[in-house]
Amino acid sequence: MIYLDNSATTRQYDEVNSAMLSAMTDTFGNPSSLHRLGLASEKAVKAARADIADAIGVSPAEVYFTACGTESDNTALFGTARAKRRTGKRIITTKVEHPAILEPCKRLESEGYEIVRLDVDGEGFVSADAVADALKEDTVLVSIMAVNNESGCIMPIEEIGRRIRAYNKDHGTGILFHSDMVQSFGKVRFNMDLIDMASFSAHKIHGPKGIGALYVKKGVNIEPFLLGGGQEQHFRSGTENVPSIIGFGTAARKSSSEFERRTKAMENAKQRLLSGIKDRVDIIRVNTPDHDSACSVLNISFIGTRGEVILHTLEQSEIYVSTGSACSSNHSSKGGSHVLRAMGLKPNEVEGAIRFSFSEFNTAEEMDTVIEAVAAAVEKFRKLGSFR
Ligand code: PLP
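Residues numbered from 1 in each chain as written. Predicted model: local features only at pLDDT ≥ 70, side-chain atom pairs only at ≥ 80, totals over all residues. Heavy atoms only, no water.

Undergrad: Lay out the site of the ligand with the relevant residues and their values.
TA: Around the ligand sit 14 residues, and of these Thr70, Asp180, Gln183, Ser201 and Lys204 come closest. At 2.8 Å from an oxygen atom of the ligand is found a main-chain nitrogen or oxygen belonging to Gly69. Between an oxygen atom of the ligand and a side-chain N or O atom of His203, the distance comes to 2.9 Å. For the ligand, whose accessible area on its own is 390 Å², the fraction buried by protein is 92%. In terms of residue count, helix α3 (residues 69-83) provides more of the shell around the ligand than any other element does, 3 residues in total. Taken together, the residues that form the shell around the ligand break down as 4 nonpolar, 7 polar and 3 charged. (Near = heavy atom within 4 Å. Polar contact = N/O pair within 3.5 Å; in protein donor to acceptor, adjacent residues only side chain to side chain. Areas by Shrake-Rupley, 256 points an atom, 1.4 Å probe, with all protein chains shown as cover. Helix = DSSP H or I, 4+ residues; strand = E, 2+ residues; numbered from the N terminus. Nonpolar A, V, L, I, M, F, W, Y, C, P; charged D, E, K, R; others polar.)

Undergrad: Just give me the short version of the nonpolar core, but keep the residues and values in it.
TA: Inside soluble globular proteins, nonpolar side chains tend to come together where they are buried. If you look at the biggest cluster of nonpolar residues, it comprises 65 residues, and the most contacted ones within it are Val142, Ile144, Ile157, Met181, Met192, Phe200 and Phe248. Looking at this core, you find at least three residues from each of domain 1 (2-9 + 259-382) and domain 2 (14-257). Setting aside residues no more than four positions away along its own chain, Met192 makes contact with Ile56, Gly57, Val58, Met181, Ala198, Phe200, Tyr215 and Lys217. (Core = buried A, V, L, I, M, F, W, Y, C linked by side-chain atoms within 4.5 Å. Buried < 20%, exposed > 50% of the residue type's maximum accessible area, 1.4 Å probe, protein only. Domains from an automatic or database assignment. Contact = heavy atoms within 4.5 Å.)

Undergrad: Residues and numbers for a negative patch on the surface, please.
TA: Negative charge collects at one region of the surface, where Asp121, Glu123, Asp290 and Asp292 lie side by side. For Glu123, the position within the fold is in the loop between β4 (114-118) and α5 (128-134). (Patch = residues over 30% accessible without salt bridge, like charges linked within 9 Å, V, L, I, M, F, W, Y side chains within 5 Å. Salt bridge = Lys/Arg side-chain N within 4 Å of Asp/Glu carboxyl O. Lys, Arg positive; Asp, Glu negative; His and termini not counted. Charge placed at Lys NZ, Arg CZ, Asp CG, Glu CD.)

Undergrad: Explain the environment of Lys383 residue by residue, including any values.
TA: Structurally, Lys383 is set in helix α12 (residues 364-384). Given a relative accessible area of 67%, Lys383 falls into the exposed group.

Undergrad: Hey, could you go over the environment of Leu108 for me, with residue numbers and the actual values?
TA: Within the element layout of this structure, Leu108 appears in helix α4 (residues 99-110). Residues Leu108 and Lys89 lie 19 residues apart in sequence; the distance between their C-alpha atoms is 9.0 Å.

Undergrad: I'd like a description of the packing of helix α1 (residues 14-25) against helix α7 (residues 242-257), backed by residues and values.
TA: Remark: α1 packs on α7, axes separated minimally by 8 Å, with the N-to-C direction vectors making an angle of 155°. As far as their axial angle goes, α7 and α1 are roughly antiparallel. The chirality of how α1 crosses α7 is right-handed. Taken together, the residues of α7 that come into contact with α1 (itself represented by Glu15, Val16, Ala19, Met20, Ala23 and Met24) are Pro243, Ser244, Ile246, Gly247, Thr250, Ala251 and Lys254. (Axes fitted to C-alpha atoms, helices over the stretch in contact; angles between N-to-C directions. Parallel < 35°, antiparallel > 145°, perpendicular 65-115°, else oblique. Left-handed = near helix turned anticlockwise from the far one by under 90°.)

Undergrad: Explain the sheet that holds strand β2 (residues 63-66) to me, using residue names and the numbers behind them.
TA: Reading across from one edge, β2-β8-β7-β6-β5-β3-β4 is the order of the 7 strands in this open sheet, with mixed pairing throughout. Among the strands making up the open sheet, the edge pair consists of β2 and β4. Ignoring which end each strand starts from, the neighbouring axes of this sheet average 20° apart. Sheet topology places β2 next to strand β8 (residues 212-216); 4 bridges connect them, and they run antiparallel. From the neighbouring strand, Val63 faces β8, where its bridge partner is Tyr215. Contacts from α4 reach β3 (90-94), β4, β5 (139-143) and β6 (176-180) within the one sheet, and its direction differs from that of β4 by about 145°. Across the sheet, helix α6 (residues 157-171) is in contact with β5 and β6; its angle to β6 comes to roughly 165°. (Pairing = 2+ DSSP bridges.)

Undergrad: Break down the side chain of Lys84 for me, with residues and values.
TA: With respect to the helices and strands, the residue Lys84 is situated in the loop between α3 and β3. Buried Lys84, no salt bridge; nearest opposite-charge side chain is Asp196, N-O distance 8.4 Å. Beyond its immediate chain neighbours, meaning those up to four positions away, Lys84 contacts Val140, Gly174 and Leu176.

Undergrad: Any details on the pattern of salt bridges? Residues and values, ideally.
TA: Proximity of charged atoms lets side chains of opposite charge pair with each other. Using the criterion set out here, one finds 25 salt bridges in the structure. For Glu360, the salt bridge is made with Arg262, and the minimal N-O distance between the two is 2.8 Å. In this pair, Glu360 sits in the loop between β12 (353-357) and α12 while Arg262 sits in helix α8 (residues 259-280), placing the two residues 98 residues apart along the sequence. Taking relative accessible area as the criterion, Glu360 reaches 9% and is therefore assigned buried.

These values are about where atoms sit, not about what they do.
Below, the structure written as structure tokens:
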């Protein structure tokens with residue numbers, strides 16, 4: 001099997017599996033219980049929080065566990081809207097965000113919020129100037145992802161943060177800056193000083209599915225989404241998912257301590273696949289920029305084919321890729337990927353798009369196999385005239 005759908009989800013590290021198993025069999029107490037078993041769980045959650053905070057580059061008290069990246073995004077948006085409802089109702093985001101941002105924005109719009117969805121250029125980048133130009137005194141939040149899950153492009157997050165801070169200083173405003181960092185975590189490092197909130201998800205870094213985190217900078221107050229027993233410093237009630245939190249902490253620790261080795265392995269796989277495909281297949285459009293893009297993503301349109309057909313052909317050789325984001329297959333995506341359309345791709349370019357996404361486990365030999373399989377699949381379908 002050759003797995004190239006790591007932006008959808010990753011295989012759990014063996015260390016994650018054993019840490020989780022031990023949490024389920026030994027450390028199964030409720031962290032809120034006062035007895036020894038409870039305290040052991042509380043200690044394990046504390047250690048995981050410290051590992052995740054360290055990997056992000058923030059302090060442990062600024063990390064709150066959630067059920068997934070989607071919950072982190074929803075909490076940032078609804079929590080800010082609630083906390084600042086008397087300050088303003090303008091929220092700035094982009095057209096290429098994940099549905100976990102776009103859908104809450106739609107809901108807020110229906111409740112009277114003004115949502116500004118910024119354009120991206122042909123390479124997928126939003127410009128910091130465009131963000132700065134859109135800021136107004138009634139803006140409460142800017143939410144812009146760090147790495148796009150389909151194109152892989154790295155947004156100018158730090159520059160955007162600087163612009164927002166400068167605006168706040170000049171105008172006496174308190175506009176918050178949130179970034180969906182689900183796809184950048186473990187691949188691209190950012191200075192978190194200028195970012196007020198950020199979303200993370202364990203299953204993109206070889207941790208378990210169904211556990212996420214929201215970073216909220218000290219001093220930033222947003223309203224909690226879940227109310228109840230007061231866990232997570234009253235910010236996110238609900239008994240902690242201890243095995244998954246421990247798995248998340250283990251994955252974060254490994255992905256951070258082996259950052260250089262892991263990202264280099266991904267970049268090598270990406271570059272080998274890209275140059276091989278360029279050599280072997282003509283009439284393509286590379287949708288991932290050749291600068292400022294994450295090592296984990298390579299998106300290519302094979303003009304004159306249907307991405308979905310190529311995907312299923314590769315699947316027969318146990319090669320797993322994606323046509324876009326896994327989440328957008330459940331999302332109403334009339335006309336194909338909203339990201340590629342926002343980048344200005346023509347319908348046939350959107351239709352022929354394949355996303356290859358890498359992990360440290362991918363090898364050069366695997367890439368050579370994939371190059372041949374892709375070349376054969378594209379040639380076959382172009383010959384058959386299965387395209388329009
Ligand atoms: N944000 C981005 C950019 C993603 O790629 C994803 C998952 O694909 C999410 C948010 C949602 O994360 P989760 O699957 O943990 O809810």
